[in-house]
Amino acid sequence: MNAAEEGRQQLDAVSVLNARRTLLQLLARAGVWSGDAEELIGLVEAGALALAHTEITESTENAARTESTGSTENVAGTAGAAGAAGAAGAAGAENAVVGEGRRAVPAEKAETYASGRLDGRRAVADELADIAERTLRHAIAPDPTVASPDDRSPVGRAEVERAKVAVTPLYLSYTAVSDLDPDATEQVLTAVLGTMSPRQRAGYAGRLTEFASAHRARLERLYAEYGPGSAIAIHGRYSLVHSPTSVAVLERLAVAPSALHEEWDAAELPPAWLDGLTTAWGSAA
């Protein structure tokens, strides 16, 4: 064990489990159903693993580019100095070492060691990706009647709450708070989420953010003309523009319009809301 390893503090399995159980108990006292709490914690765990995989992959590829650049420079330098080095330089190279952290690698084996180190980091990253995938599958374990987490299934309460947390700040970045009925918000989000599989719902916050970023100027025009503070009344054809759910509905209209109409009709939501939002979106283009 080197000095760096001695300085690291890693939680043991018992302490991690203790923290997890403590969080579950605190959430239970706050009225969060145990199944919802387990799902949320599982998503955080899967996300932490996925982010670690991304970080290792990126650092490994950066290291690979650095190694490649260094090898090219060394080849060029060796070719230019070959005539001057002579036999003495060749003899000295046999005993040369290349520093690698706190270890020493024979110069003639430096490239092999570097390649092996990169391969090892890639293997660790691949294993992390597999663990992250298994953790995600466990967290979003579908309804027993659903064959796969990639199939559509009934929408859970925690999924609706996660969608609310995702859409609200996006909506407020364009306009003011809305007074639309909260019950309508839940019904609309349930219809929106019904177009997706559990796996897609797990990553929906990221997808919404990408959509809002890609269409920011158009969304600004839409809410300025039809949203809170405009001359358009909250009750009527354009009611949905006064709701944070409008961001989610617009994303689904762009990606899965047929599935959205199907879920919308099944939920018996007002067709005029969907028509009005579609019209407003078209005029803001």
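Residues numbered from 1 in each chain as written. Predicted model: local features only at pLDDT ≥ 70, side-chain atom pairs only at ≥ 80, totals over all residues. Heavy atoms only, no water.

**Side note on the nonpolar core**
So, point 1. Among the nonpolar cores identified, the biggest contains 39 residues, and V249 and W264 are the most heavily contacted of them.
So, point 2. Secondary structure elements with two or more residues in this core: helix 5 (157-172), helix 6 (182-193), helix 8 (204-214), helix 9 (216-226), helix 10 (245-255), helix 11 (257-266) and helix 12 (271-283).
So, point 3. Judged by nonpolar contacts, the second largest core, of five residues, contains L43, L136, A139 and I140. (Core = buried A, V, L, I, M, F, W, Y, C linked by side-chain atoms within 4.5 Å. Buried < 20%, exposed > 50% of the residue type's maximum accessible area, 1.4 Å probe, protein only. Helix = DSSP H or I, 4+ residues; strand = E, 2+ residues; numbered from the N terminus.)

**Quick word on the packing of aromatic side chains**
So, point 1. Enumeration over the complete set of coordinates arrives at four aromatic pairs.
So, point 2. Plain terms: the ring middles of Y171 and Y223 are 5.3 Å apart, the flat faces sit at 90 degrees to each other, and that makes the pair edge-to-face. Here Y171 is found in helix 5, whereas its partner Y223 is found in helix 9, with 52 residues between them in sequence. With respect to class, Y171 is no different from Y223; both count as buried.
So, point 3. Taken together, a centroid distance of 6.0 Å and an interplanar angle of 35 degrees make the contact between F211 and W281 tilted. (Phe/Tyr/Trp six-rings, centres within 6.5 Å; stacked < 30°, edge-to-face > 60°.)

**A word on the pattern of salt bridges**
So, point 1. Applying the stated rule across the entire model yields 15 salt bridges.
So, point 2. Close ionic contact of E39 with R162 constitutes a salt bridge, the shortest N to O distance being 2.8 Å. Here E39, found in helix 3 (residues 34-94), pairs with R162, found in helix 5; they are 123 residues apart in sequence, far enough to count as distant.
So, point 3. For E39, a relative accessible area of 17% translates into the label buried.
So, point 4. Classification of R162 as buried rests on a relative accessible area of 18%. (Salt bridge = Lys/Arg side-chain N within 4 Å of Asp/Glu carboxyl O.)

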